[in-house]
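# Report on the structure
Take a look at the letters that make up each chain.
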Amino acid sequence: MSCFTVYAADMPVSGEVSISGAKNSALPELAAAVLCESAVLENCPRLSDIEAAAEILKTSGFTFKRTGETVFVEPNGKKSAAVPAKLCGKMRSSVLFLAPLLCRFGESAVYMPGGCCLGSRPVDLHLYALEKLGAKTQTNGDMISASAQSGLLGAEISLPLPSVGATETAIMAAACAKGESVVINPALEPEIEDLCRFLNSAGAEISFGREIKIKGKNGLLGRALHRVMPDRIEAGTYLAAAAITGGELFLKNAEAGNIAPFIGILEDMGCIIKSGGKNIYIDAPKHLYLPEYVETAPYPAFPTDLQPQLTALLSVGDGKCLVRENIFESRLGHIPQLKKMGADIEIHDERTFTVRGLNGPLESKRVRACDLRCGAALLLAGLAAENGNCVDGGEYILRGYEDICKKMSLIGVKIKYRA
Ligand code: UD1
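Analysis parameters
Residues numbered from 1 in each chain as written. Predicted model: local features only at pLDDT ≥ 70, side-chain atom pairs only at ≥ 80, totals over all residues. Heavy atoms only, no water. Pairing = 2+ DSSP bridges. Helix = DSSP H or I, 4+ residues; strand = E, 2+ residues; numbered from the N terminus. Axes fitted to C-alpha atoms, helices over the stretch in contact; angles between N-to-C directions. Contact = heavy atoms within 4.5 Å. Near = heavy atom within 4 Å. Polar contact = N/O pair within 3.5 Å; in protein donor to acceptor, adjacent residues only side chain to side chain. Areas by Shrake-Rupley, 256 points an atom, 1.4 Å probe, with all protein chains shown as cover. Nonpolar A, V, L, I, M, F, W, Y, C, P; charged D, E, K, R; others polar. Domains from an automatic or database assignment. Buried area = accessible area lost by both parts, 1.4 Å probe. Salt bridge = Lys/Arg side-chain N within 4 Å of Asp/Glu carboxyl O. Expected span 1.5 Å × (residues − 1). Phe/Tyr/Trp six-rings, centres within 6.5 Å; stacked < 30°, edge-to-face > 60°. Buried < 20%, exposed > 50% of the residue type's maximum accessible area, 1.4 Å probe, protein only. Parallel < 35°, antiparallel > 145°, perpendicular 65-115°, else oblique. Left-handed = near helix turned anticlockwise from the far one by under 90°.

## Examining the sheet that holds strand E2 (residues 14-18)
Strand order across the open sheet formed by four strands is E2-E14-E16-E15, with mixed pairing between neighbours. The sheet is open, and its two borders are formed by E2 and strand E15 (272-276), each paired with just one other strand. Neighbouring strand axes in the sheet, compared pairwise and without regard to direction, differ in orientation by 10° on average. Seen against the sheet, helix H8 (residues 232-245) touches E2, strand E14 (248-252) and strand E16 (279-283) and runs at an angle of roughly 165° to E14.

Okay, structure coming up:
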C-alpha cells in the first residue's frame, strides 16, 4: 500500500505554488477527443487518472502522445468500441467514454466498477440523456452498452438533477447529433464550460448557460486545440494548506472566482485573501474561527470536492460548525481518520456532522485515505499535527494532485511518497 509521510509539521507554509490544469476538465476533454479528427490539449496535468484515460484511448483506436504539458490524440484507424473492464475499474469517469465512442462507432460499451466510498454513484442520467437523443442502451451486470447505428437526433434533455457527468455526456453526444438540442437544468461547473470551449474549438456549436444549447453537426468534429483551465480544487487545497498552518502563499494559475464560496469561508475564518488575474494570495492567521454552518451544493455553491479539506481545517479552528454534504450520499470517509488524529467530530447521519474545533494541533497518527479528497484532507491534517502523519492509500492522492511532493516541498513541507 503506497503511503505519504509528512514529517515534523505544525509549521506555517510559505512561498509560491503553480496550479496545474484541472483534472475534471482534462478527463472529459480526453473522452471528447474521440469525437475529433485530432485533439491537442495544452496544460494537461500528469495524474494517474489521466494515464487511465490515455490507456482507454489507446485501446479504443487512438494514439496518445505527450510532450511536456501538451498531449496529442488522433484516431489510428482501428475500431474498438468496448472499453475493457480492467481499464474502467481504474477510474469511475470511464463512463464519459460511452457517448463519444457511440458517436464515432455507432455502438459502445463500458463497465462500471462497484460502489465507492462516496456512495452508489449511479449512471442512469447518462443513459437517460443518450436515450433522449435516440440511442438504445442496455445494462447487463456491470456492463453498459449503447447503440445508435443510424446516428443520434437532437432533443430536449431535461435533467432531474444537475449531474456533472450526465451534462457532459449529453453535450458530447448532442454535439454530433442531427439537429438542435437543449440541456435543461444542466450542471454549471466551470469544467463543463471548459469542455464546451474544447468542443467548440473543434467546430461544435454549443452555447453554455442556464440552458445549454447545441446545434448538432450530424457527424464527427474537426481538429481541437484547447488549453485546460486551472484546477480549482487543487487551488483550494493549497489555500487550505496555508490556512491550516497559519501560513502565507501565492498561487499562480488559479482563478478565485471559481471557488468564491470556499474563499468566502476562509475569509470569515480570519484569512486575508487577495486575487487578481490568475493569481491568489493568502495570509492566514494563527487561529481560525469556525463558521456556524456549511453545506455543499452544485456550482456556484460550495463544492463537495473541498468538503473533506474544509473538515480538516474546521478540526483545528475555534468554535463549532455543522456541515451538510448534499451531493454524495456518503462522503464522510475522512471523518473516522480525522477522529483518529484527535479531531472532535460527531456524525449525525450519512450527510451531516458537527465539528468542534480543537483550537490547537491534531495528533500524529497513521491514517488511511479512502478516496482522493479524503487523502487530501488527511495530508492537510498532517500539516496541523506536531509530528506530521502517515497517509496510507497514497495512490488516491496521485489521482488528482500533480507533483504534490515537489509543490509541497517548495512551500516548506517535508513530505515523502513511497509507492
Ligand atoms: C464530478 C466530478 C467529481 C465531483 C462531482 C460533483 C469529474 C471527473 N468528477 O463527478 O470530482 O465530486 O462531479 O461535483 O468531473 N447521479 C445520479 N445519476 C447519474 C449521475 C449522477 O444519480 O447518472 C448523482 C450522483 O450519485 C451524485 C450526484 O448525482 O449523488 C452528483 O454526481 P455528478 O455530478 O454526476 O458527479 P460526477 O460527474 O460523477
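## As for the site of the ligand
Taken together, 16 residues lie around the ligand, and Asp124, Ser163, Val164, Asp305 and Ile327 are the ones closest in. One of the side-chain nitrogen or oxygen atoms of Asn24 is found 3.0 Å away from an oxygen atom of the ligand. Taking Val164, its main chain carries an N or O atom lying 2.7 Å from an oxygen atom of the ligand. For the ligand, the accessible surface in isolation is 740 Å², of which the surrounding protein chains cover 82%. When residues of the shell around the ligand are traced back to their parent elements, those giving at least two are helix H5 (124-132) and helix H6 (164-176). The element best represented in the shell around the ligand is H5, accounting for three residues. Looking at side-chain class alone, the shell around the ligand contains seven nonpolar, five polar and four charged residues.

## Examining the domain arrangement of the chain
By domain assignment, the chain separates into domain 1 (3-20 + 230-418) and domain 2 (23-227). Summarising the inter-unit geometry, the C-alpha centres of domain 1 and domain 2 are found 30 Å apart. Contacts between domain 1 and domain 2 engage 21 residues on the former and 22 residues on the latter. Roughly 1700 Å² is buried in total at the junction of domain 1 and domain 2, and carbon and sulfur atoms are behind 50% of that figure. Considering only the surface of domain 1 that becomes buried against domain 2, Tyr299, Arg399 and Glu402 emerge as the three largest contributors, covering 34% of it. Counting across the domain 1 and domain 2 interface gives two salt bridges. With a shortest N-O distance of 2.6 Å, Glu191 and Arg232 are connected by a salt bridge.

## Re helix H2 (residues 48-59)
Under the 1.5 Å per step criterion, the end-to-end length of H2 is 17 Å for 12 residues, consistent within 8% with the ideal 16 Å. Tucked inside the fold, the buried residues of H2 contact helix H1 (23-32), strand E4 (62-67), strand E5 (70-75) and helix H3 (85-88).

## Remarks on the packing of aromatic side chains
Within this structure, the stated rule accounts for two aromatic pairs. Pairing Phe4 with Tyr417 gives two aromatic rings, centres 4.7 Å apart and planes at 45°, and the pair type is tilted. Taken together, the residues Phe4 in strand E1 (residues 3-7) and Tyr417 in strand E23 (residues 415-418) connect sequence positions 413 residues apart. Relative accessible area serves as the criterion here: at 28%, Tyr417 is assigned to the partly exposed category.

## A short note on the side chain of Ser20
Looking at the secondary structure, you find Ser20 in the loop between E2 and H1. Each residue touching Ser20, except ones within four places of it in the same chain, is listed here: Asn43, Pro45, Met229, Pro230, Asp231, Glu234, Glu402 and Lys407.

## Concerning the packing of H5 against H6
One way to put it is that H5 packs onto H6 with a least axis distance of 8 Å and a crossing angle of 20°. In terms of orientation, H5 lies roughly parallel with respect to H6. Between H5 and H6 lies a crossing whose hand is right-handed. Residues Leu125, His126, Ala129 and Leu130 of H5 form the contact with H6, whose own contacting residues are Gly165, Ala166, Thr169, Ala170 and Ala173. The class makeup of the residues in the contact of H5 with H6 is six nonpolar, three polar and no charged.

## Here's the deal with unusual backbone geometry
The step from Tyr299 to Pro300 runs through a cis peptide bond, and the omega angle for that step is 10°. In this structure, Pro300 sits in the loop between strand E17 (293-295) and helix H10 (307-316). We note that Asn359 has phi near 50°; this positive angle belongs to a residue other than glycine. One can find Asn359 in the loop between strand E20 (352-356) and strand E21 (366-368).

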